[in-house]
Amino acid sequence: MNIILLGPPGAGKGTQAGMLVADRDMIQLSTGDMLRAARTSGTEMGKIVADVMDKGELVTDEIVIGLIREQLEGDKKGGFIFDGFPRTLAQADALADLLEENGEQLDAVIEMQVDDDTLVKRIVGRAAEAVAAGKEARADDNEDSVRIRLMEYYKKTAPLIGYYHAKGNLTSIDGLGTMDEVKSAISAVLNGGDIIGNG
Ligand code: AMP
């Protein structure tokens, strides 16, 4: 089963993806994590994307599609969770092509709905927690970048809600509950409807 977790920054996509990896042996494909890894490895691509990421803007479609293409060729285990990808319509079209080329399909797109004030509080709180724990906060987890990331989301990513609705893949859930409540809502989507073959 291959799914997309769609939602603004701070919606809890990464947290929920991590739980799906543990429970269903799925593979989390987070383009944000891949880009952060590329930055620390000092590659040419990492240098190119660092500034863009810190500002809260989107990196080019070409770069992230390339990252995803590489991953789809590997082990599929219990299926892929696309976390933070696609973020533009061009990425969504590219994903459809890549899945088809690999003989795969998209089983569900789950939109996690969280209001803006909660998103900003969560992200700024996440940065404060990291610092309190002696870790480095994400460079883009500050109020200025968060506002830009939200605007990027509404301008470029939110149109995917209509796109996947029209394709018949979309289910929207309330992302405001506890981690376990949100997890249950996601499980209900994955276990229900037309989707077969999961535990
Ligand atoms: P995330 O960890 O998903 O919040 O992503 C952090 C940052 O990485 C974003 O603000 C973008 O700069 C970049 N990024 C991650 N995924 C994508 C994507 N699919 N398309 C464009 N930029 C991305």
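Residues numbered from 1 in each chain as written. Predicted model: local features only at pLDDT ≥ 70, side-chain atom pairs only at ≥ 80, totals over all residues. Heavy atoms only, no water.

(A) Seen up close, helix α6 (residues 116–132). With 17 residues, α6 extends 24 Å between its outermost C-alpha atoms, agreeing within 8% with the 24 Å of an ideal straight helix rising 1.5 Å per residue. Those residues of α6 that fall on the buried side of the exposure criterion are Leu119, Val120, Ile123, Ala127 and Ala130. Within α6, the buried residues cover an arc of 100 degrees as seen down the axis, which keeps them to one side. When the buried face of α6 is taken as reference, the exposed residues oriented beyond 90 degrees from it are Asp117, Lys121, Glu129 and Ala132. The secondary structure elements touched by the buried residues of α6 are α7 (143–157). Phi for Gly134, located one or two positions after α6, is positive at around 75 degrees. (Helix = DSSP H or I, 4+ residues; strand = E, 2+ residues; numbered from the N terminus. Expected span 1.5 Å × (residues − 1). Buried < 20%, exposed > 50% of the residue type's maximum accessible area, 1.4 Å probe, protein only. Arc of directions from axis to C-beta. Contact = heavy atoms within 4.5 Å.)

(B) Structural context of a negative patch on the surface. Together, Glu70, Glu73, Asp93, Asp97, Glu100 and Glu101 line one region of the surface with negative charge. Among the elements that take part in the negative patch, helix α5 (residues 89–101) stands out by supplying 4 residues, more than any other. Accessibility expressed as a relative area gives 59% for Glu73, which makes it exposed. (Patch = residues over 30% accessible without salt bridge, like charges linked within 9 Å, V, L, I, M, F, W, Y side chains within 5 Å. Areas by Shrake-Rupley, 256 points an atom, 1.4 Å probe, with all protein chains shown as cover. Salt bridge = Lys/Arg side-chain N within 4 Å of Asp/Glu carboxyl O. Lys, Arg positive; Asp, Glu negative; His and termini not counted. Charge placed at Lys NZ, Arg CZ, Asp CG, Glu CD.)

(C) Focus on the sheet that holds strand β5 (residues 170–174). Here we have 5 strands laid out as an open sheet, ordered β2-β3-β1-β4-β5, and parallel in their pairing. The outermost strands of the open sheet, each flanked by one partner alone, are β2 (27–30) and β5. For this sheet, the mean angle separating the axes of adjacent strands, direction not counted, is 25 degrees. The pairing of strand β1 (residues 3–6) with strand β4 (residues 108–113) spans 4 bridges and is classified as parallel. Following the sheet pairing, Ile3 is matched in β4 by Ala108. Docked against the sheet, helix α1 (residues 13–24) engages β1, β2, β3 (80–83) and β4, running at close to 170 degrees with respect to β3. (Pairing = 2+ DSSP bridges. Axes fitted to C-alpha atoms, helices over the stretch in contact; angles between N-to-C directions.)

(D) Structural detail: the packing of aromatic side chains. Applying the stated criterion across every chain, the model contains 4 aromatic pairs. Judged by centre distance (6.1 Å) and plane angle (45 degrees), the rings of Phe80 and Phe82 are tilted. Between Phe82 and Phe85 the ring centres are 6.4 Å apart and the planes differ by 45 degrees, which places this aromatic pair in the tilted class. For the pair Phe82 and Phe85, one class covers both residues: buried. Put simply, the rings of Phe80, Phe82 and Phe85 pair up and form one aromatic cluster. (Phe/Tyr/Trp six-rings, centres within 6.5 Å; stacked < 30°, edge-to-face > 60°.)

(E) Inspection of the site of the ligand at higher detail. Near the ligand, the surroundings consist of 16 residues, among which Thr31, Arg36, Glu57, Arg87 and Gln91 are the closest. Contact between the ligand and Thr31: a nitrogen atom at 2.8 Å from a side-chain N or O atom of the residue. Between an oxygen atom of the ligand and a side-chain N or O atom of Arg36, the distance comes to 2.9 Å. If you tally residues by element for the shell around the ligand, the top one is helix α2 (residues 31–40), at 4 residues. Residues belonging to the shell around the ligand are distributed by class as follows: 6 nonpolar, 4 polar and 6 charged. (Near = heavy atom within 4 Å. Polar contact = N/O pair within 3.5 Å; in protein donor to acceptor, adjacent residues only side chain to side chain. Nonpolar A, V, L, I, M, F, W, Y, C, P; charged D, E, K, R; others polar.)

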